[in-house]
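Results of the structural survey
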Amino acid sequence: MVSPLAALGVSIPVLAAPMAGGPTTPALVTAAARANSLGFLAGGYRTAGALAEQIAEVRSDGARFGVNLFVPNPVQVDPEAFRRYARTIAPEARTYGIDILATGIVEDDDHWSDKIDLLLSDPVPVVSFTFAVPEAAVIAALRAAGTLVVQTVTSAAEARLAAEAGVDVLAVQASAAGGHSGTLTPQHIPAPVPLTDLLGEVRQAVPLPLVAAGGVATPADVTGALRAGAAAVMVGTVLLRADEAGTSRPHKAALADPARRRTTVVTRAFTGRPARALRNGFTDRYTDLAPAGYPALHHLTSPMRKAAAAADDPERINLWAGTGYRHATAEPVGQILQRLASGL
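Quick look at the structure, then. Treat the numbers as computed from the prediction; the structure is a model and nothing was measured. (Residues numbered from 1 in each chain as written. Predicted model: local features only at pLDDT ≥ 70, side-chain atom pairs only at ≥ 80, totals over all residues. Heavy atoms only, no water.)

Extensive coverage of strand β5 (residues 148-153) is indicated by the burial of 6 of its 6 residues. Both faces of β5 are covered, namely the face carrying Leu148, Val150 and Thr152 and the face carrying Val149, Gln151 and Val153. The pairing of strand β4 (residues 126-130) with β5 spans 4 bridges and is parallel. Across the sheet, residue Phe129 finds its bridge partner in β5, namely Gln151. In this fold, β4 hands off to helix α5 (residues 136-144), which returns the chain to β5; that crossover is right-handed. Relative to strand β6 (residues 169-173), β5 is paired through 4 bridges, and the arrangement is parallel. Residue pairing across strands places Thr152 opposite Ala171, the latter belonging to β6. (Buried < 20%, exposed > 50% of the residue type's maximum accessible area, 1.4 Å probe, protein only. Helix = DSSP H or I, 4+ residues; strand = E, 2+ residues; numbered from the N terminus. Pairing = 2+ DSSP bridges. Right-handed = clockwise from strand over helix to strand, strands pointing away.)

Another aspect to go through is the sheet that holds strand β7 (residues 179-180). Taken together, the 3 strands give an open sheet; going across it, the order is β7-β11-β10, and neighbouring strands pair in antiparallel fashion. Every interior strand has two partners, whereas the edge strands, β7 and β10 (264-267), have only one. One ladder, built from 4 bridges, connects β10 with strand β11 (residues 275-278); its direction is antiparallel. Counterpart to Val265 in the pairing with β11 is Ala277.

Note on soluble globular proteins: their nonpolar side chains tend to be buried together. Core analysis: the largest hydrophobic core is formed by 71 residues, its most contacted members being Val14, Ile55, Val67, Phe129, Leu170, Leu199 and Leu239. Per-element tally for this core: the top contributor is helix α1 (residues 26-34), with 5 residues. Not counting chain neighbours up to four residues away, the residues in contact with Leu239 comprise Ala16, Met19, Leu28, Ala245, Ile336 and Leu337. Of all hydrophobic cores here, the second largest spans 21 residues; its members include Ala269, Tyr286, Ala290 and Leu300. (Core = buried A, V, L, I, M, F, W, Y, C linked by side-chain atoms within 4.5 Å. Contact = heavy atoms within 4.5 Å.)

Honestly, that's just the spatial picture; any functional story needs more than this.
What follows is the structure, given as structure tokens:
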């Protein structure tokens, strides 16, 4: 199958994944394009106006690029469980003078309609979706505008739903991925299926081109995924320490800290949705206590996390990282992508 990425001028099939919350910057996306790859601006947690500014910045450099959006798929939190969890973690927030007991339950759709309107009125080359499959009409409208539509899936069943909705490409995400799982059923922790096995299951289910993601950190990982049927791979964790990444200072330091050479953990403690991170004090204390509830828990803990990042405190921030985090290096994005593609 011919990769649709070839029409975009992508010659290095190692793409830069969108990393919401700061790590993905316009400079990172531009650097990926200069390396003959493709990067995705992370539209999650941004207003349409802020996303438009980043799109304009990347376009001013003439870079090929994509945009990723979170599709609304809320996990309603039980109000009593929310209040109980707020009381439990309140001492952590008080470390920074923050009273989270006064925080109400916030449910929002991450400015979904505004961002879709933006991408239809000012189309971009590629749009990827995660957390849920958009309505078929939204996908059709984007494709009619000339946009290639990519959907994140974590199982063969999800792949079938995405194919039925009309997407062009599937980003097949294994559970080894850092940050939030793209699962469509976040009430459950995704099964730890190896990426190559997951690719095989999805290939049998649907005929769409596949991009492999989750735990890809070495040239051998790249070649293994391509041999398993992927047209390209997508990497995120290995770019967190890159020169162009906007990753917070304590997050970068934790990734490189030999004293933290422990396993990662899938946790709901920060956002109420399953996400893989480096273990720290917060995950150790609260992973087993956190209720399901997204985006309510995200909004609950966000002020604390921002204050902790500003204070260089790695124990109270979400140190998102996939299983390959030991391979994250402090060097230019282009060099990282080219090295990962060196075995092709």
